[in-house]
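Fold and contact review
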Amino acid sequence: MHLFTMLAVLLMSCSQLVSQVYMPVLPDIADSLMLTNGMSQAMIISYFITLGASQLIVGPLRDKYGDRPLFIAGQAILLAGTLLCAVAPDSTTFLLGRILQGAGSASPVLISRTLLAQRLSGARLKSAMATVAISASVTAIIAPLLGGMLSSWFGWQGLSLVLITYYLFITIFGLSLLKASEPQPFVINPMSLVRHYQNMVRCQVFLSLASLKWVPTFLYLTLQLHLPFLLQDRFGFTTSQTGQAMMLPMVGLLLGAVFAKVLQRHVSYMKIVLWLWPALLLSALTFVLASDNAIAILLAYAAIMLVFGGYFPSYMHLIGLLHPTHAGTANALVGAIELLIFSVIAWLVNQWLPDNTQAIALLIAVCAALLLLCWRTIRIQRPHFEHT
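This structure is a prediction, so every number in the text was calculated from the model and none was measured. (Residues numbered from 1 in each chain as written. Predicted model: local features only at pLDDT ≥ 70, side-chain atom pairs only at ≥ 80, totals over all residues. Heavy atoms only, no water.)

1. A word on empty space enclosed by the protein
All told, the structure shown has 1 cavity of 30 Å³ or more when counted by the stated rule. Taken as a whole, the largest cavity holds about 390 Å³ of empty space. If you go around the largest cavity, you meet 27 residues; those closest to its centre are Ser15, Gln16, Arg113, Lys213 and Phe308. Mapped by element, the contributors of at least two residues to the lining of the largest cavity are helix H1 (3-20), helix H3 (37-65), helix H5 (91-119), helix H6 (122-154), helix H9 (204-233), helix H14 (294-322) and helix H15 (327-352). Here the lining of the largest cavity gets 5 residues from one element, more than from any other, and that element is H1. (1 Å grid on protein atoms, 1.4 Å probe; cavity = no way out; pocket = protein on both sides within 12 Å on 5 of 7 lines; lining within 4 Å. Points joined across faces, edges and corners; volume = space filled by probe spheres on them. Helix = DSSP H or I, 4+ residues; strand = E, 2+ residues; numbered from the N terminus.)

Put into structure tokens, the structure is as follows:
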């Protein structure tokens with residue numbers, strides 16, 4: 001594997017691990033800190049909100065100053081936040097740690113999405129992007145199991161100590177590869193950034209491409225917050241069993257990424273997006289027809305993750321073609337809207353339907369219709385994307 005591809009994989013895993021290893025132990029966190037289910041979910045969502053807001057600043061700074069200074073600052077903040085979570089005696093300290101983790105994760109997230117486009121092109125770039133997506137899927141599969149297993153050994157706070165060791169390794173590896181670069185000549189100020197972001201969101205193709213990331217992420221967050229409580233309250237799963245069970249849906253994420261990597265050599269990403277779409281309808285039907293079967297519920301979630309896994313490399317490739325010189329800024333805007341808006345909506349949805357699988361099925365169907373409309377918009381307004 002190319003060294004920079006390996007670094008992109010490791011940087012992508014930074015935010016994945018810190019967001020996902022706590023998911024299986026949400027009920028334990030709620031008990032330990034004396035929180036309601038909604039409050040413990042809010043602790044998780046605070047990470048996503050901070051990550052989203054930070055990207056709006058980190059993205060343009062990365063385009064101007066390069067990867068190395070943003071990487072150093074991001075890793076330092078991420079390590080500080082993870083340390084606070086490791087020693088948190090109360091909800092306030094844990095919340096502060098989660099906020100710092102979100103702020104620190106913005107740099108590795110954006111660098112992982114733009115690093116390869118600077119150094120690779122053509123078929124090598126498409127293959128490397130698909131490799132990053134597959135690795136992200138493997139991390140997503142491992143993280144819930146790791147969270148449940150380590151929590152049973154060391155408690156939920158001990159998870160953070162393992163993350164600190166891992167992040168230190170990535171910091172050393174990244175410093176050995178990333179070199180300082182000359183700042184770009186364009187000016188960064190609040191008004192110019194606002195105008196730049198406004199121009200992007202007025203572009204219908206940009207919004208449609210971004211929706212390939214926004215909509216699957218919204219469904220993922222909604223069910224990821226909902227599933228641990230559903231498995232434990234309705235089906236009687238323990239914390240360790242919940243961590244193991246949540247691996248099954250993540251296999252769908254891996255299969256979707258592998259599907260995209262194999263097919264991108266032969267067909268366009270636009271076709272991959274269309275071919276994966278029916279899995280959403282299958283998921284919705286399963287939530288309606290087999291809501292009392294834990295395995296069926298997990299498989300329905302896996303179908304959503306299949307779409308997520310295939311759409312992620314598709315989005316990364318197409319957004320780079322749309323904004324080749326401002327990839328960091330474009331990805332920052334997509335990430336900020338995704339996390340600031342859709343993570344909050346996912347949390348609110350969970351307050352409304354704690355056990356209502358019929359409503360979840362309807363939600364999936366609506367999202368599927370929206371994605372099909374976005375695909376049609378991209379195909380009509382950027383027909384050359386059908387061949388990339």
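Let us keep going from here.
2. Re the nonpolar core
Of all hydrophobic cores here, the largest spans 132 residues; its most connected members are Tyr22, Phe94, Tyr167, Leu209 and Leu280. With 17 residues, H9 is the single largest residue contributor to this core. Not counting residues within four places of it along the chain, the set of residues in contact with Leu209 comprises Tyr315, Leu318, Ile319, Leu322, Ile378 and Phe385. (Core = buried A, V, L, I, M, F, W, Y, C linked by side-chain atoms within 4.5 Å. Buried < 20%, exposed > 50% of the residue type's maximum accessible area, 1.4 Å probe, protein only. Contact = heavy atoms within 4.5 Å.)

3. Brief notes about the environment of Ala86
Residue position: Ala86 is located in helix H4 (residues 67-87). Classification of Ala86 as buried rests on a relative accessible area of 13%. Contact partners of Ala86, with chain neighbours within four places excluded, come to Gln157, Ser160 and Leu161.

4. Digging into the pattern of salt bridges
Under the defined criterion, the tally for this structure stands at 2 salt bridges. Salt-bridge contacts for Arg62 lead to Asp67; the nearest nitrogen and oxygen are separated by 3.0 Å. There is no split in this pair, since Arg62 and Asp67 are both buried. One salt bridge in this structure joins Lys213 and Glu338, with 2.8 Å as the shortest N-O distance. Of this pair, Lys213 sits in helix H9 while Glu338 is found in helix H15, placing the two residues 125 residues apart along the sequence. Accessibility assignment for this pair places Lys213 and Glu338 in one class, buried. (Salt bridge = Lys/Arg side-chain N within 4 Å of Asp/Glu carboxyl O.)

5. Description of the environment of Ala365
Structurally, Ala365 can be placed in helix H16 (residues 357-381). By relative accessible area, which is 31% here, Ala365 ends up partly exposed.

6. Here's the deal with the confidence of the model for the protein
Per-residue confidence for the protein gives a mean pLDDT of 83, with 93% of residues at or over 70. Confidence scores differ between elements of the protein, with helix H10 (residues 239-245) showing the lowest mean pLDDT of 73 and helix H13 (residues 278-289) the highest of 93. (pLDDT = per-residue confidence, 0-100.)

7. Brief notes about helix H7 (residues 158-177)
For H7, built from 20 residues, the straight-helix expectation of 28 Å at 1.5 Å per residue is met to within 8% by its first-to-last C-alpha distance of 30 Å. Next to the buried residues of H7 lie H1, H4 and H6. (Expected span 1.5 Å × (residues − 1).)

8. Considering a nonpolar patch on the surface
A cluster of nonpolar side chains, Ile49, Leu340, Ile341 and Ile345, forms an exposed patch at the surface whose accessible area comes to about 270 Å². At 3 residues, the largest contribution of residues to the nonpolar patch is made by H15. Exposure remark for Ile341: the relative accessible area of 43% places this residue in the partly exposed category. (Patch = residues over 30% accessible without salt bridge, like charges linked within 9 Å, V, L, I, M, F, W, Y side chains within 5 Å. Areas by Shrake-Rupley, 256 points an atom, 1.4 Å probe, with all protein chains shown as cover.)

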